[in-house]
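# Geometric and topological summary
Chain by chain, the residues:
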Amino acid sequence: MLEVRDLKKSLGDLAVLRGVSLKMEKGDVTAIIGPSGGGKTTLLRCINFLEMADSGTLVFDGQSYNLAAIGKKDIAAIRRKTGFVFQSFNLFSNKTALQNVTEGLIIARKMPKAQANGIAMEALRQVGLSDRADHYPSQLSGGQQQRVAIARALATQPDIIYFDEPTSALDPELIGEVLSVMRDLASAGMTMLVVTHEMRFAREVSNHVIFMADGGIVEEGPSRQFFADPREERTKAFLRTISAEK
């Protein structure tokens, strides 16, 4: 369903991504973990064209694209099949939860308001917020705001959702409610590529883990195998550090 081949990205003399490749099938939940500055977020942003790669190939839904020379029409077509959940929510403060979810449907997809409202309410129900549809972001907790952001992604009925550290901006007591929603989505078969620092999610919910550091993939594999028996010393050191921090 999704394949990235030899993606490279530099900022000046700094090689942020050093030829990253990955492959996902429909229904996969892949967690990308690793130290800060390893290129995880840049990888997601390049795949969804929030940043342009220097080189590389994207194979999506059977079509192949040059990541460094893709046209606006192809970008728009791919984005119609993908959702993106940012770490900072990115909600409109002057719009209700319902309006935040319907905005893209009505403006970008020219959907009739009544139809958009129906889809948005179902998406809010999926994340447990149908009773907060008329609330503004300032009236919602951080966890609730992030769940609205997930509902916004769900409302477009994407083939895959990219999550960029979706719990990193949350207080510890609010992380669980967002991870619970993501766990439910995984159980329902949603394909997800998740940059995360939540090792429990990576271990228990994802079926594949990618460990990135210094702009490249150090190690990857099935989740249980990855955590039970990491091969690379760089991976072992990272997991020891994470364990010690708890």
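Conventions and cut-offs
- Residues numbered from 1 in each chain as written.
- Predicted model: local features only at pLDDT ≥ 70, side-chain atom pairs only at ≥ 80, totals over all residues.
- Heavy atoms only, no water.
- Phe/Tyr/Trp six-rings, centres within 6.5 Å; stacked < 30°, edge-to-face > 60°.
- Helix = DSSP H or I, 4+ residues; strand = E, 2+ residues; numbered from the N terminus.
- Buried < 20%, exposed > 50% of the residue type's maximum accessible area, 1.4 Å probe, protein only.
- Lys NZ or Arg CZ within 6 Å of the ring centre and 35° of its normal.
- Salt bridge = Lys/Arg side-chain N within 4 Å of Asp/Glu carboxyl O.
- Contact = heavy atoms within 4.5 Å.
- Polar contact = N/O pair within 3.5 Å; in protein donor to acceptor, adjacent residues only side chain to side chain.
- Expected span 1.5 Å × (residues − 1).
- Axes fitted to C-alpha atoms, helices over the stretch in contact; angles between N-to-C directions.
- Parallel < 35°, antiparallel > 145°, perpendicular 65-115°, else oblique.
- Left-handed = near helix turned anticlockwise from the far one by under 90°.

### Thoughts on the packing of aromatic side chains
Any pair of aromatic rings gets described here by the distance separating the centres and the angle formed by the planes. This structure, assessed with the given rule, holds four aromatic pairs. Taken together, a centroid distance of 6.3 Å and an interplanar angle of 65 degrees make the contact between Phe84 and Tyr162 edge-to-face. Here Phe84 is found in strand S6 (residues 82-85), whereas its partner Tyr162 is found in strand S7 (residues 160-164), with 78 residues between them in sequence. You can call Phe84 buried: its relative accessible area is 11%. Both rings, one in Phe226 and one in Phe227, keep their centres 5.2 Å apart while their planes meet at 80 degrees; by these two values the pair is edge-to-face. Each member of the pair, Phe226 as well as Phe227, carries the same accessibility label: buried. Here the aromatic cluster, defined as three or more aromatic residues joined through ring pairs, consists of Phe84, Phe86 and Tyr162. The lysine or arginine in question, Arg203, covers the ring of Phe227, its NZ or CZ lying 4.6 Å from the ring centre.

### Brief notes about the pattern of salt bridges
Under the defined criterion, the tally for this structure stands at 11 salt bridges. Glu3 serves as the salt-bridge partner of Arg5, at 3.2 Å between the closest nitrogen and oxygen. Connected through salt bridges with shared partners, the residues Arg183, Arg200 and Glu204 form a single ionic network.

### Observations concerning the environment of Gln87
Here Gln87 is to be found in the loop between S6 and helix H3 (97-107). Judged by relative accessible area, Gln87 falls into the partly exposed class, the value being 29%. Linking Gln87 and Ala237, residues 150 residues apart in sequence, is a C-alpha distance of 26 Å. If we ignore the near neighbours within four places in the chain, the residues touching Gln87 are Gln146, Asp164, Glu165, Pro166, Ser168 and Ala169. There is a polar contact of 3.0 Å between the side chain of Gln87 and the side chain of Ser168.

### Things to note about helix H5 (residues 142-155)
With 14 residues, H5 should reach 20 Å at 1.5 Å per residue; the first-to-last C-alpha distance of 20 Å fits that figure. Positive backbone phi, at 50 degrees, marks Gln157, one or two positions downstream of H5.

### A look at the side chain of Thr96
Take Thr96: it is sitting in the loop between S6 and H3. Apart from residues lying up to four places away in sequence, Thr96 is in contact with Ala133, Asp134, His135 and Tyr136.

### Re the environment of Cys46
Among the secondary structure elements, Cys46 is positioned in helix H1 (residues 40-47). Residue classification places Cys46 among the buried positions, given a relative accessible area of 1%. For the pair Cys46 and Ser187, spaced 141 residues apart in the sequence, the C-alpha separation amounts to 27 Å.

### Overview of unusual backbone geometry
Although it is not a glycine, Asn90 sits at a positive phi angle of roughly 55 degrees. With respect to the helices and strands, the residue Asn90 is situated in the loop between S6 and H3. Taking the relative accessible area as the measure of exposure, Asn90 reaches 40% and is therefore partly exposed. Phi at Glu165 takes a positive value of approximately 45 degrees, unusual for a residue other than glycine. Residue placement: Glu165 occurs in the loop between S7 and helix H6 (172-187).

### Overview of the packing of H3 against helix H4 (residues 113-126)
Each packed pair of helices is defined by two parameters, the angle between the axes and the distance between the axes. With their axes 9 Å apart at the nearest point, H3 and H4 run at an angle of 125 degrees to one another. What the angle tells us is that H3 and H4 run oblique. The hand of the H3/H4 crossing is right-handed. On H4, the residues that touch Ala97, Leu98, Val101, Thr102, Leu105 and Ile106 of H3 are Lys113, Ala116, Asn117, Ile119, Ala120, Met121 and Leu124.

### Notes on the packing of H3 against H5
The geometry of H3 relative to H5 is characterised by a closest axis approach of 9 Å and an angle of 30 degrees between their N-to-C directions. It follows that H3 is roughly parallel to H5 by the angle criterion. Between H3 and H5 lies a crossing whose hand is right-handed. Here Ala97, Asn100, Val101 and Leu105 of H3 come into contact with H5, specifically with Val148, Ala151, Arg152 and Ala155.

So yeah, pure geometry; function would need other evidence.
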